[in-house]
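Residue-level structure breakdown
The primary structure of each chain is shown beneath.
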Amino acid sequence: MATTPLTLRELSKKEVLLTAGHRMCSGCGAPPVVKMVLLASEYPVVAANATGCLEVCTCISEYTAWKIPWIHSAFENAAATIAGVETMYRSLKKQGKIDKEIKFIAFGGDGGTYDIGFQSLSGAMERGHDMLYICYDNGAYMNTGIQRSSATPFGADTTTCPAGSVVPGKLQKRKDITKIMAAHGIPYAAQASPSHWQDLMKKVKKALEIKGPKFMNIIAPCNRGWRSATDDAILLSRLAVETCYFPLYEVENGATKITVTPREKKPLVDFLKPQGRFKHMFAPENEWMLKQAQEDVDKEWEKLQREAKASEVS
Amino acid sequence: MKLKGWKEVTPGAVVTKAGSAEEFKTGSWRSFRPVWLEENCIQCMFCWIFCPDMAIEAKNGKRGVFKYDYCKGCGICALECPGKKGKKAIVMEEEGK
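Residues numbered from 1 in each chain as written. Chains lettered and ligands numbered in written order. Predicted model: local features only at pLDDT ≥ 70, side-chain atom pairs only at ≥ 80, totals over all residues. Heavy atoms only, no water.

**A look at the pattern of salt bridges**
What counts here: A pairing counts as a salt bridge when a side-chain nitrogen of Lys or Arg comes within 4 Å of a carboxyl oxygen of Asp or Glu. Helix and strand labels come from DSSP, where a helix needs a run of H or I of at least four residues and a strand needs a run of E of at least two; each type is numbered from the N terminus. Any residue under 20% of the maximum accessible area for its type is buried, any over 50% is exposed, and the rest in between are partly exposed; the area is computed with a 1.4 Å probe on protein chains only.
For the structure shown, the criterion picks out 24 salt bridges over all chains. A salt bridge links K211(A) to D130(A), with the shortest nitrogen-to-oxygen separation between them at 3.1 Å. With K211(A) in the loop between helix 8 (197–209) and strand 6 (214–219) and D130(A) in the loop between helix 6 (118–127) and strand 4 (132–137), the pair connects residues that are 81 residues apart, well separated along the chain. Given a relative accessible area of 63%, K211(A) falls into the exposed group. Here the residues in one salt-bridge network are R30(B), R33(B), E93(B) and E95(B), joined through shared partners.

**Notes on the confidence of the model for chain B**
Cut-off, in case you're wondering: Note on scores: pLDDT gives the predictor's confidence for each residue, bounded by 0 and 100.
Per-residue confidence for chain B averages 93 on the pLDDT scale, and 99% of its residues sit at or above 70. Reported for the predicted complex are a pTM of 0.95 and an ipTM of 0.94.

**Let's talk about the interface of chain A and chain B**
Accessible area lost during the coming together of the parts is what is often quoted as the interface size. The line we're drawing: In what follows, a contact means two residues having at least one pair of non-hydrogen atoms within 4.5 Å. By buried area we mean how much accessible surface two parts lose on assembly, using a 1.4 Å probe and totalling the loss over both. In the analysis that follows, any N or O atom pair within 3.5 Å is treated as a polar contact, provided that within protein one partner can donate a hydrogen and the other can accept it, and provided that, for residues neighboring in sequence, both atoms belong to side chains.
Of the residues lining the interface, 39 residues belong to chain A; the matching set on chain B comes to 37 residues. Of the roughly 3300 Å² buried at the junction of chain A and chain B (both faces included), carbon and sulfur atoms supply 65%. Counting the contacts that link chain A with chain B gives one salt bridge. Its salt-bridge partner being E80(B), residue R238(A) comes within 2.7 Å of it at the nearest N-O pair. On inspection of chain A and its partner chain B, the count reaches 17 residue pairs in polar contact (both at pLDDT 80 or more).

**Here's the deal with the sheet that holds strand 8 (residues 255–260) of chain A**
Residues and elements named next belong to chain A. What counts here: Two strands qualify as a pair provided DSSP detects at least 2 bridges between them. Every angle, taken between N-to-C directions, lies between 0 and 180 degrees, and every axis is a line fitted to C-alpha atoms, over only the stretch in contact when it is a helix.
A sheet is described by the order of its strands in space; here eight strands give the open sequence 2-1-3-4-6-5-7-8, paired in mixed fashion. Edge positions in the sheet fall to strand 2 (70–72) and strand 8, since each of these pairs with one other strand and no more. When the angles between neighbouring strand axes are averaged without regard to direction, this sheet yields 15 degrees. Examined bridge by bridge, strand 7 (residues 248–252) and strand 8 share five bridges and lie antiparallel to one another. Counted as the bridge partner of V251 is T256 from strand 8. Contacting strand 1 (45–49), strand 2, strand 3 (103–109) and strand 4, helix 4 (residues 78–94) runs over the sheet at an angle of about 175 degrees to strand 3. Its contacts with the sheet put helix 11 (residues 287–313) on strand 7 and strand 8, and the angle it makes with strand 8 is roughly 120 degrees.

**Describing the packing of helix 2 (residues 30–40) of chain A against helix 8 of chain A**
Residue and element names in this part refer to chain A. Using the following cut-off: Between 65 and 115 degrees an angle is taken as roughly perpendicular, under 35 as roughly parallel, over 145 as roughly antiparallel, and anywhere else as oblique. Two helices that cross are described as forming a left-handed crossing if the nearer one is turned anticlockwise from the farther one by less than a right angle, and a right-handed crossing if clockwise.
Running from N to C, helix 2 and helix 8 cross one another at 50 degrees; their axes reach a closest spacing of 9 Å. When the interaxial angle is binned, helix 2 and helix 8 end up oblique. The crossing of helix 2 and helix 8 is right-handed. Residues M36, V37, L39 and A40 of helix 2 touch helix 8, and the partners they reach there are W197, L200, M201, V204 and K205.

**Remarks on the packing of helix 4 of chain A against helix 6 of chain A**
All names here are of chain A. Quick reminder of the rule: Residues are grouped as follows: Ala, Val, Leu, Ile, Met, Phe, Trp, Tyr, Cys and Pro are nonpolar; Asp, Glu, Lys and Arg are charged; all remaining types, including Gly, are polar.
Direction vectors running N to C along helix 4 and helix 6 enclose 35 degrees, while the axes themselves pass 7 Å from each other. Contacts between helix 4 and helix 6 involve A78, A79, A80 and A83 from the former and S120, L121, A124 and R127 from the latter. Class assignment for the residues of the contact of helix 4 with helix 6 results in six nonpolar, one polar and one charged.

**Topic: the packing of aromatic side chains**
Worth spelling out the cut-off: For Phe, Tyr and Trp, rings pair up if their centres lie within 6.5 Å, where Trp contributes its six-membered ring, and each pair is then called stacked (planes under 30 degrees apart), edge-to-face (over 60) or tilted (otherwise).
For the structure on display, the rule yields 11 aromatic pairs over all chains. Geometrically, the ring pair formed by F154(A) and W288(A) is edge-to-face, given 6.2 Å between the ring centres and 65 degrees between the ring planes. With F154(A) in the loop between strand 4 and helix 7 (177–182) and W288(A) in helix 11, this pair connects stretches of sequence that are 134 residues apart. The class of W288(A) is partly exposed, set by a relative accessible area of 40%. On the numbers, 6.1 Å between centres and 45 degrees between planes, the contact of F46(B) with F50(B) is tilted.

**Observations concerning the side chain of E250(A)**
Residues and elements named next belong to chain A. Checked against the element boundaries, E250 lands in strand 7. According to the relative accessible area criterion, E250 is buried, its value standing at 5%. Here Y188 takes part through its side chain, which lies 2.5 Å from a polar atom of the side chain of E250. Leave out the neighbours within four places in its chain, and E250 touches Y188, A189, A190, K203, K206, A255, T256, K257 and T259.

**Examining a nonpolar patch on the surface**
For the record, the criterion: Exposure above 30% relative accessible area and the lack of any salt bridge qualify a residue for a patch; like charges then connect within 9 Å, and the nonpolar side chains Val, Leu, Ile, Met, Phe, Trp and Tyr within 5 Å. Accessible surface is estimated by sampling points in the Shrake-Rupley manner with a 1.4 Å probe; for residues, cover comes only from the protein chains shown.
A contiguous nonpolar patch, built from V166(A), V167(A), L171(A) and W288(A) and spanning about 400 Å² of accessible area, is present on the exposed surface. Examined against the element boundaries, V166(A) turns out to sit in the loop between strand 4 and helix 7.

**So, empty space enclosed by the protein**
Residue and element names in this part refer to chain A. Formally: A 1.4 Å probe that fits into a set of points on a 1 Å grid over the protein atoms alone but cannot get out defines a cavity; an open set with protein on both sides within 12 Å along at least five of seven lines defines a pocket, and lining residues are those with an atom within 4 Å of a point. Grid points are joined across faces, edges and corners, and a volume is the space filled by probe spheres set on the points.
By the definition in use, this model includes six cavities of 30 Å³ or more. If you add up the space inside the largest cavity, you get close to 110 Å³. Lining the largest cavity are 15 residues, with G52, C53, Y141, M142 and N143 positioned closest to its centre. Per-class residue counts for the lining of the largest cavity are six nonpolar, eight polar and one charged.

**Topic: unusual backbone geometry**
All names here are of chain A. One non-glycine residue, R227, adopts positive backbone phi at about 55 degrees. Structurally, the position occupied by R227 is in the loop between strand 6 and helix 9 (233–242). We classify R227 as partly exposed; its relative accessible area is 41%.

Written as structure tokens, this is what we have:
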């Protein structure tokens, strides 16, 4: 199969399989993610979508922004749905009714992945379906009006954990879904960011060549929920990487590898400051929150570096 | 744009055309308009890959014009544009001015 080199000049000659005219908000971080994932595939793709912004806005009655076979059934079962399609494909292949090489991708938001779709995702990973699950992580239920999810970072102000004088936003840490997925013993789990488009597409390409269940968590800033400017989705995803809030790494057959190491690790406040959802953390009485958030990031980053080092040795 | 009545809609509102969202113009959402200054453009294509609305044309690997029918005016392209010698190739202008 001819592969398109990962240069924007060559990629732009390919057809983008998510069209204009979708109803995602101005400046949303999710469409660039989907665009990059679909551009990276050299194979025909069948996708399933969990309920969420992406599903709602790309398939509003009578209109679809997808130029690939695309299925939505419910919030909790994107992984189960695509697992079923993949099973049917395998059966048809065995019967000699189909010979095309097709790839299966599920898209889910963090709500449909970390929380509601978690059991069906875990099940599909355990059963070993040949599929790639992509979570576009914007850190809350943005579609229904910014309710907290288990991907919401510590300290964030959402409508169900509002920052007030008694409780200053979300007090729990976010779940580390990529590590949880890697712990399923799947052949490939990774984190990516649209700001590092080449790294993201490389990972998708790699994942699609691996047989078995794959998982990718991709940060997708939401200016409505993050209370930031409409033009900073890519800037914020870059800051998330440079502050090590969202490190870019992959776990391939149990071996951890950090794919992008920031030249200079920026302080977490660089990432928090432009976002209104963290505004209260900069109040003098909440100084401890900034400190704790930074400590958590440092701890996770050190742990990740240790794991990467251990994988190098073995 | 006129919306279809119930008599014109397919049974079950089934979508029969892939990518039919292109018939829906989202350009009216925009309050700021990106303007491309070709003389400052280095053809890095960052605007093309980062545009959430697929509102930048690409032809033969080169950047084309803005598709104002779809551009929602978020300004990501202007912010990410590296420009030439410190001069941006995309600037945002307020609509109606």
